[in-house]
Each structure stands twice: as structure tokens, then as C-alpha cells.
Amino acid sequence: MASITDTKVGSHGHDHHHDESFLTPKSTMWATIIDWATTVDHKKIGLMYLVTILFMFLLGGLAALAVRLELLEPTRTVQTMLADGSVKTVIEGQLFTVAGAANVADSNNLYNKIFTLHGLIMVFLVIVPSVPASLGNFFIPLMLGAKDVAFPRLNLASWYIYLIGSFFAIASALVGGVDTGWTFYTPYSTMTDEGHWKVVFMILSAFILGFSSILTGLNFIVTVHKLRAPGMGWFDMPLFIWGMYGTSLIQVLATPVIGITLLLLVFERLFHIGIFDPRMGGDPVLFQHFFWFYSHPVVYVMILPGMAIMSELIAVFCRKKVFGYRAVAFSSLAIAAIAFVVWGHHMFTAQGEVASAIFSALTFLVALPSAVKVFNWIATLYKGSISLKTPMWYALGFLFLFSIGGLTGLFLGTLSVDLHLHDTYFVVAHFHYVMMGGTIIAFVGGLHMWWPKMFGKMYNEFWGQIGFWLVFLGFNLTFFPQFIMGVHGMPRRYASYVDEFTIYHQLSTYGSWMLLAGFLVHLFNFIYSLAAGPKAPPNPWGGLSLEWTDADSPPTTHNFSHDPIVTHGPYDFDDVVPPQTKPGEFPLPAPLPAGARAH
Amino acid sequence: MNDLLHKIWFKAGNSDLTLNPDGSMQTFGVDWLFMYILWVCIISFVLLMVPMSWWAFKYRRRPGHVQQRTPNHNTALEVTWVVVPLIVVTVMFFWGFKGYMRAQLASASAESLNVSAKKWAWSVTYANGAQSAESTYFDQVALDNGVIRRGNEKVPVFIVPEKRPVKFTLSSVDVLHSFYIPDMRIKIDVFPNRLTSLTFTPISAAGQDQAGSLYADAKLRDAAAKGMGRDHYIFCAEYCGSNHSEMAGVLRVLPEDEYIKTLGEWADVDTNYVNADGSIDPKKQADKQAMPLWQLGQWVHQNRGCAQCHTADGGKGSGPSWKGYYGTEVAFEGGSKLDTNTYPGMKNMDDAWAQYVRESILYPAAKIHGGYANQMPSYAGQLSDKQIAGVTAYLRHLAGKTDSVAPTGGAAPAAPAAGSK
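What this report covers is the structure whose coordinates are included nearby.

Rules of the game
- Residues numbered from 1 in each chain as written.
- Chains lettered and ligands numbered in written order.
- Predicted model: local features only at pLDDT ≥ 70, side-chain atom pairs only at ≥ 80, totals over all residues.
- Heavy atoms only, no water.
- Axes fitted to C-alpha atoms, helices over the stretch in contact; angles between N-to-C directions.
- Helix = DSSP H or I, 4+ residues; strand = E, 2+ residues; numbered from the N terminus.
- Parallel < 35°, antiparallel > 145°, perpendicular 65-115°, else oblique.
- Left-handed = near helix turned anticlockwise from the far one by under 90°.
- Contact = heavy atoms within 4.5 Å.
- Bend = angle between axes of the 7 residues up to and from the residue.
- Buried < 20%, exposed > 50% of the residue type's maximum accessible area, 1.4 Å probe, protein only.
- Buried area = accessible area lost by both parts, 1.4 Å probe.
- Polar contact = N/O pair within 3.5 Å; in protein donor to acceptor, adjacent residues only side chain to side chain.
- Patch = residues over 30% accessible without salt bridge, like charges linked within 9 Å, V, L, I, M, F, W, Y side chains within 5 Å.
- Areas by Shrake-Rupley, 256 points an atom, 1.4 Å probe, with all protein chains shown as cover.
- Salt bridge = Lys/Arg side-chain N within 4 Å of Asp/Glu carboxyl O.
- Core = buried A, V, L, I, M, F, W, Y, C linked by side-chain atoms within 4.5 Å.
- Phe/Tyr/Trp six-rings, centres within 6.5 Å; stacked < 30°, edge-to-face > 60°.

### Overview of the packing of helix α9 (residues 325-338) of chain A against helix α10 (residues 353-381) of chain A
All names here are of chain A.
Here's step 1: Running from N to C, α9 and α10 cross one another at 155°; their axes reach a closest spacing of 9 Å. Of the possible angle classes, the one that applies to α9 and α10 is roughly antiparallel. For the crossing formed where α9 meets α10, the hand is left-handed. Where α9 approaches α10, its residues Ala327, Val328, Ser331, Ser332, Ala334, Ile335 and Ile338 are matched on the opposing element by Leu362, Leu365, Val366, Pro369, Ser370, Val372, Lys373 and Asn376.

### So, helix α13 (residues 425-455) of chain A
What sets the pattern is the α-helix's 3.6 residues per turn: residues three or four places apart point alike.
All names here are of chain A.
Here's step 1: Remark: the principal bend of α13, roughly 45°, maps to Met449, with a proline, Pro452, within the next four residues.
Here's step 2: With respect to burial, α13 is a largely interior element, 30 of its 31 residues being buried.
Here's step 3: Gly456, located one to two residues past α13, shows a positive phi value of around 70°.

### A word on the interface of chain B and chain A
Here's step 1: If you look at the interface, chain B gives 90 residues, while chain A gives 114 residues.
Here's step 2: In this assembly, chain B packs against chain A so that about 8,800 Å² is buried in total across both faces, 65% of it on carbon and sulfur atoms.
Here's step 3: On the chain B side of the contact with chain A, B:Arg61, B:Gln67 and B:Tyr239 bury the most area, a combined 10% of that side's loss.
Here's step 4: There are 26 residue pairs in polar contact (both at pLDDT 80 or more) connecting chain B and chain A.
Here's step 5: Looking at the side of chain B that touches chain A, the elements that each hand over two or more residues are α1 (2-9), α2 (26-58), α3 (75-104), β5 (141-143), β10 (186-190) and β12 (230-236) of chain B.
Here's step 6: Per element, the largest residue contribution to the side of chain B that touches chain A is 16 residues, and it comes from α3(B).

### Quick word on unusual backbone geometry
All names here are of chain A.
Here's step 1: Here the amide bond leading from Ser553 into Pro554 is cis, since omega sits at -10°, within 30 degrees of zero.
Here's step 2: Positive phi, normally seen in glycine, also occurs at Lys383, with a value near 60°.
Here's step 3: Residue position: Lys383 is located in the loop between α10 and α11 (390-413).
Here's step 4: Its identity as a non-glycine residue notwithstanding, Arg493 has a phi of 60°, on the positive side.
Here's step 5: With respect to the helices and strands, the residue Arg493 is situated in the loop between α14 (461-487) and α15 (502-532).
Here's step 6: A residue is classified by how much of its surface remains accessible, and Arg493, at 13% relative accessible area, is buried.

### Details of a nonpolar patch on the surface
All names here are of chain A.
Here's step 1: Where nonpolar side chains cluster on the molecular surface, the patch consists of Leu69, Ile503, Leu507, Tyr510 and Trp513 and spans about 440 Å² of accessible area.
Here's step 2: With four residues, the top contributor of residues to the nonpolar patch is α15.
Here's step 3: Mapped onto the secondary structure, Ile503 falls in helix α15.

### Considerations on the nonpolar core
Here's step 1: Grouped together as the largest cluster of nonpolar side chains are 255 residues, with contacts concentrated most on A:Phe240, B:Phe168 and B:Phe179.
Here's step 2: Looking at which element gives the most residues to this core, the answer is helix α8 (residues 284-318) of chain A, with 22 residues.
Here's step 3: When residues no more than four places from it in sequence are discounted, the contact partners of B:Phe168 are B:Leu113, B:Val115, B:Val160, B:Phe179, B:Thr196, B:Ser197, B:Leu198, B:Phe200 and B:Leu251.

### Some words on the packing of aromatic side chains
Here's step 1: Taken as a whole and judged by the stated rule, the model has 77 aromatic pairs over all chains.
Here's step 2: Where A:Phe462 meets A:Trp463, the ring centres are 5.3 Å apart and the plane angle is 80°; that geometry is what we call edge-to-face.
Here's step 3: Take A:Phe462: its relative accessible area is 54%, and that puts it in the exposed class.
Here's step 4: A:Trp463 sits in the partly exposed class, given a relative accessible area of 44%.
Here's step 5: Geometrically, the ring pair formed by B:Trp294 and B:Tyr394 is stacked, given 6.5 Å between the ring centres and 10° between the ring planes. Taken together, the positions of B:Trp294 in helix α8 (residues 293-303) and B:Tyr394 in helix α10 (residues 385-398) put the pair 100 residues apart, joining distant regions of the chain.

Shape is all these values report; function is a separate question.
Here it is as C-alpha cells:
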């Protein structure tokens, strides 16, 4: 049996303040607040990101619920409750009429602004930063055995930049909102909003958030290169790190393009430089090329972190080394590379035949490394010891939903079929299965797995699983009907629709309420855990990566009492007994009796 | 099983709707490929989920169960599950590409239709210069308290001949739109700065069983079923602003003779009944039913997209309602008002109004009615002088003025000087 590390020696008994939990408050409230606001501790920054991102997720989610509510009826809502309690039948006007819209165009405008807000918040403020900035920030140094990220002050700066970017987005929404769609397609985006400021604020927001993204990515790349613990080679890193590394590469390389594009958009709007607007000699399709040159790779910025979490969930909760470790690691890089050359598949109805053919072929290629990952995760289950706790349910949920999301991408990559499905609800359903069914599901799963490590408290397992089933079933109820109505011809971004789609829209709206219930269960479960949850041991799941084996729950300010020395791989469950502070409290199977370590 | 799936995914399994220029069945080709991919997906999904579920159950953690040592990788297996999907998707790529190219190439003999898109209406100009003269409410919703309409006024009906290739050439006057006919499995983006096109051969004007399926309203359903032809939705699929979801139309496939006859009638609409000065030509009147000038204006309002923004019943819209509008005091942005000094040489307010209406149609940005956004596209080149006169007459009609005022005529107003409001 291999020994773990020698770091535990002498780690207790010190009363140095750095051995305290990083969550330990200062003497006064103000001191605590200033401590957090000026901290360079990656864990605190990760938690501050987590809180802000969850808040934004709530805002974006409310916008989504409003969108679904509007679509409950094809066109008009019949009954509106008036302030005096009497019920009046409203014939002209949609659900949003209640919010004060005077006519059809106005209520449509309100709808357009809300779906735009939903898209912008969820893409730029939630999914892009979600996993890397919160869990990544918290766990990359811990998994590498480092005290912090490579540039701690830059890390804090990127959180503040994120806050400033969010401020502009919310300011834009508060002064009336924009109706451009999150894609800002020209020339509509340069013609709408004659006062300029709402759209300019929103663009500025995306521009500023880009810097936050680039700085975080840069920080992670350097951290992974330079701060691995002694003994940790590239292929001894947990796969979470590989996923984060691929994500960071894309962030650093692609984000400048969107920054430049958005600046050009502002220049065109304010200074009338003709770049995208045909009235000034520009070309609207040029914008689409620029936009998707960033925004397609960013699709993988969104999904790679989800995949990164998946590898950890599956390994820890099956007690197996991830099948084909190198294939999974290299597929992260392959996805990052191919992601840069498939942007044109967003424009099959807008570009020439040759371009479409090339982008279609490349699109099918990028499906392969994603498929490889799914095959490997499922193969990892084989002959494992599978603990069906909430995080593992989320891992299985991810495999179910991401498989659907990935497979339905095949329809959209096929040219002739895409001519029919492009810009319909089929596309909406497809990318929600990938983005939400993939990234958000993995994020929530990862949050459950690492919750005890982050806060030193256990969540309630029963309510965790109730939450999972509500989210999983609600998700499918919300988005599966959208595939069908998409094939039937329901276009995207419609405030009203023809009758025959009613049943699918209604199912979808009911599903969105179920999703809300699921997320609320998780939220209350987490809040209860913080307030009254049982204390978590350092290694509740029996993981073997350094954050489980060598750090306390919650970790101390400097993460480790000694520099960890890595003597085993992160997934050598067959040979290594995970250390526990209280043996028996979280029983794990005995190690395999047989001898030599697998190499 | 295949049929059942097909019926779920495609309404009533309608696959036999259009031909490619080379005679292959276009919609069928798309549906067939869709079904192929669907089966690949179903089989793959089952192949993934069955072992996942079975192993998650069989190897669940329980007392006495430990994980077993298994190989950490298997090169042969890993190569297989890369190569097999690669072959499967290569097939998809080639068939998809073939179907796509077939739909791109128009036959030289194709019936040529020009589509103009603007916020938020489609219009089609046929080879003989005619434009659609028919419109329909395609999804009225009957409720207890009566019939509720969609937000748009009627949507236009466009016609195509049965069993002949048609080619749509499309352009936009403002932002991006996308011309989408779900039943034909085809869409193409529409740009302000270049022409795009799409082509197909509708093969069936029959199929009355489905003719009415567009209409929730029983009366319209019956009418559609009585041999008018086969109707299909047209949607805008590229987000284009406030009334994106109201930017719709109906495509009707007619037998060849019906098609020719209808086109002839539509071409007549504003050439045969009424003289250029608005008076009615008695000889033409003998042939056809007379159409007063205001009715021509009403026809323009219904069929040229005016109704998308200007209601005729006093309801609110993106632009001023036409009901009772004529003769009211119009305050422009910037403080000036419409009066006889607004334009040079106006003898009275009727002259000024005629000029104002004309200018607003041809150069909408020249004067903005206070309180409304500057967003109307220009109709220069799209409406004839007589049609514009008709609009003025219709405005007068809606304001209760029935006396006939001959339009001032004369030259079209000069383009407004740069910078004028």
C-alpha cells in the first residue's frame, strides 16, 4: 500500500493564525469586510465570484421565467387582474401588458428586451465565468498543491472588473434595456435605441467582462505551468485542471476578438464609421463572422469547465481512474483547437456554398472529441464502486442531457437539414441542452461535491436529491418539447406564435416552474447547511486529489501546512487509502488487497 | 416505428411537398436525412444510457462491494469509438451537402418572384408586376368572449404555381430578415446590401386535408379547403425588432391555370379600374366592378404593410393611426406644425395634406410626427403615384370626408435638403 504524502506531519499543534480556516472572520465586521474586499486569497475571490455569479444566475433565471410566462399563451392573455380587485378581460395585449405596455409593439418590445437580458446575463455574466472563476479559482491552486494562483492581485482585479462590467449591464437594463438579442446582429443593433446609451452601456459591459475573462485565463495558464507541486507532472494533474487549462487558452486567444468587434460596433454607432452598416458601406455579415469567431470558441469556454468537473465527479464517486486519462486530457485541447475553426456553422443561411461546406465538415470533426469524453466517462463506471449521492446523480444527469445536446448538434451540422432548423426552437433546445444541461448541471453537481470542502459543512443529502430530480425532470419538460416545435417550424425570438405550437409552449412553461422549484430547493439546502449543517470532514467522499487529501475543510488561509509532495496519481483508488480524520463516519471500501501500483 | 416517429416530428408526415430543380424530392430528401440522423441519435443514446444505467445500478456502493481493477485504457476500443462515429458523421456530411447544393441551383425556366422584406412585412412582386392583393388572418383564436386576433392586421397571401420551379430573389430595405417556409424545409437570410435567392418546385396544390390546418378559425378552414390551394406558413426567422413575430405570410400553391388567372386579377388591381387622376373609367367599369380611389388606398394599406404600424380603427400602433387622422393638427418633432406654409405653393390644407402624405411615403424621415420613432422605411419605387393618391383618399375616407378632391398632381416633392427635420 502506498503512503499518501508526508504533509500531515506536524500540521496540527501550531497555533499560528495561518492555520485557521480562511473563513474565520476578523475581530470586527468592518475589518472582515475590508479583509474580503482587499483579499488576494484565491479561495475568498472564488467565493466572491460564486456569490455574484449565483446572484446573476437568479436575475437571468427570472428573465427566463418571464419569457416562458409570456409564451404560455400564443398571443393574448385573456384575463388581467386590475388593482381594484375586479377582473377585466383584455383582448389586445399580451401577458406583459400587465407591466404597462400600451400596444402590441410595446409589449413585443418588452418581451424582446427581456429575452435579450436573459441571453446577455446568462452568457456573459453567468456561464462564461461560472465554473472557472468560482470553482476554478478555488480549486486549481488546491489541486496543484499551490498556495495561491500565480498572480493573486490580478485575480482580485479581475473580480472587480467583473463587477464593473456587471454594473454596466444592469445599468443598461435599469434605464430601459436593449432589444438587440445577445448576438448584437447588425444593422439592427446599430439602428435601435436612438439615444445610444442603453446599447453602448450593454456593449461596454460585454467589453469589460472580456478583460475579466482574459485576466482569469492568463492567471490560470501561468498557475498550471509554474505552480504544480513537486512530483506532479502534466499527466499527474487532475482532469479538472486539464479542462480549465483548455478553457483558459480559448479565453486568452478568442476574447480579444469580441473586444475589438464590440469597439467597432460602438465606433460605427457613435462616429458613423461604416464597418457593418450597409448604409455606410459596411457589411452586416462581417459582423457575424467577427462575432462568431469569438462566440463559437466561447461555447467551449462554457462547456469545457462542465466536462472538467465531470471527470472529477465520476472518478471520485466511482472510485475509478478515469478511463483513457490521456484521451480525455488531449480531447480538451483538441476541442479548444477545433473550436476556432467552426464559427461559420452559425451562418449556413447567410454565406456561400463553399464556406458552408467547409464549416459543416469541420463541425462534424469537433463532435468527435466531445463524444470521446462521454464514452470514457461511461466506461469509467464499469466495475466501479458507485456512490449515488447528489453529485453523482448530477454526473449521470449530465451524461443524459449532454448526450442529447451533443447528438442533436448532428442535425444542425448537416447542411440541408440545418436550412430547415436554423433559427428555430430546435436550436434553442439544442444549446440549452448543452449549455444548461451540460455546464449548469455539472456546475451544480460540482458545487455539491465541493461544498463541504469550501465551507466545512455538509448539505442535506435527501433534499439534495429531491432538488436534483426536480431540476432534471423540469429541465427535460422545459426543453424537450422545444425540439419538436422547432422541427414543426417555430422560429426563435417570437413574442407571439401561431396556435399549433401552443401545447409545446405550455409544457415548456410548466417545466420552467419545475426548474425554479428545483433550484430553490438547492438554494435553501445550501443556506440551511451554512446555518446548521453538520461539520464536514476533510475528505467526505474519499477523493485522492490534493484538495481532499492534504487540505482541511474549509482549507486554512495558506491552503497547506507544508508544501504537498505528490506520491500518487489523483485517481489511484485501487492502490491508495484516502485519509480521513474520522474513520467510520463516512465509510469507504477497503483498499484492494493486491500489490503493485498500476502505472 | 419509423412512420410513427416521422409523424411526431413532422406534422401529419407531410414530406412530399417540393421537388429540387433536378427533379429529386427536396422536402423528402431533408426529411429522409433527418430521420437517418434521428435513428443514429436514438441508437447512440440507447447504447450510451443502457450501460450507464446498468452499471450505475450493478456497481452501486453497498456493504461488501468494492471496485475492481480494470484496464485504464484500451487502445483498440478507443480507436474504434473514434473511427465508427467518424464514418457515421461523414455520411451525414455528404448527404447534407448534396441536398443543400441541389436546393441552391435554380432552373433557368423558374418562375421568378422578387421578395422585399421590411420591418415588419413581406411583399412579393410577380413577373407581370403584380403584387399580392389577398390577405388572411391565419390564426384567429376563438374564445368565450368572441374572436381574438393576432397583433398584426392580416398577413398577405403569396401564390406559386404547382409543379413548376419557382425562384425567390430576396432583398431587405432595412435590417436582416430571414425568409422561412417551414413546410418547404427552407430558409434564406435577407440582406439590405445584397440579393439572396432560394428555389424549389412545389408539387402539390391538392391535399385539401391539410389546406385548412393553418387556420384555427372554422370559416377560414372551410374556405381554404374549398379548392383555393394548399397553404403554408411563411415566417421571419431572423430577429428584426418589435414585431418580428408578426412578420408573417401565407404561401399558397395553385394549379397552373388558377395561378395565371389570379395573377391577372392582381395585376388589374390598380391599373384597370381607376384613371390616373382618380376618376373612374366608364369603359373599364363596364368590364369590372368599379373601385373608388379610397378603396385602392385601403387595398394598399392592407397589402403593402402599412397596416403593420398604422391601424385603420384608431388602435395604437408604431405609427399614428389613420382613423380620423386626416385634417387633424400634426405637430412635427422640432416644434413646427403642418400648415399651408410647410411646403411651397400650397393653396389649402388639402394640398398640404396630399403633399405631406406623399412625402411621408417616399421620404419618411423628412418629417417625424411628434411622439413617434423615426423608423418607417421608404416606399420610393414601390408604390405608384396612383397608389399614393389612393392612400391620401383613404385617409380622407377614414376622416369622414367623402367629397372628391383631385390630387394636386405635379412633380414629386424634391428629396428633402440634408439636415432638415
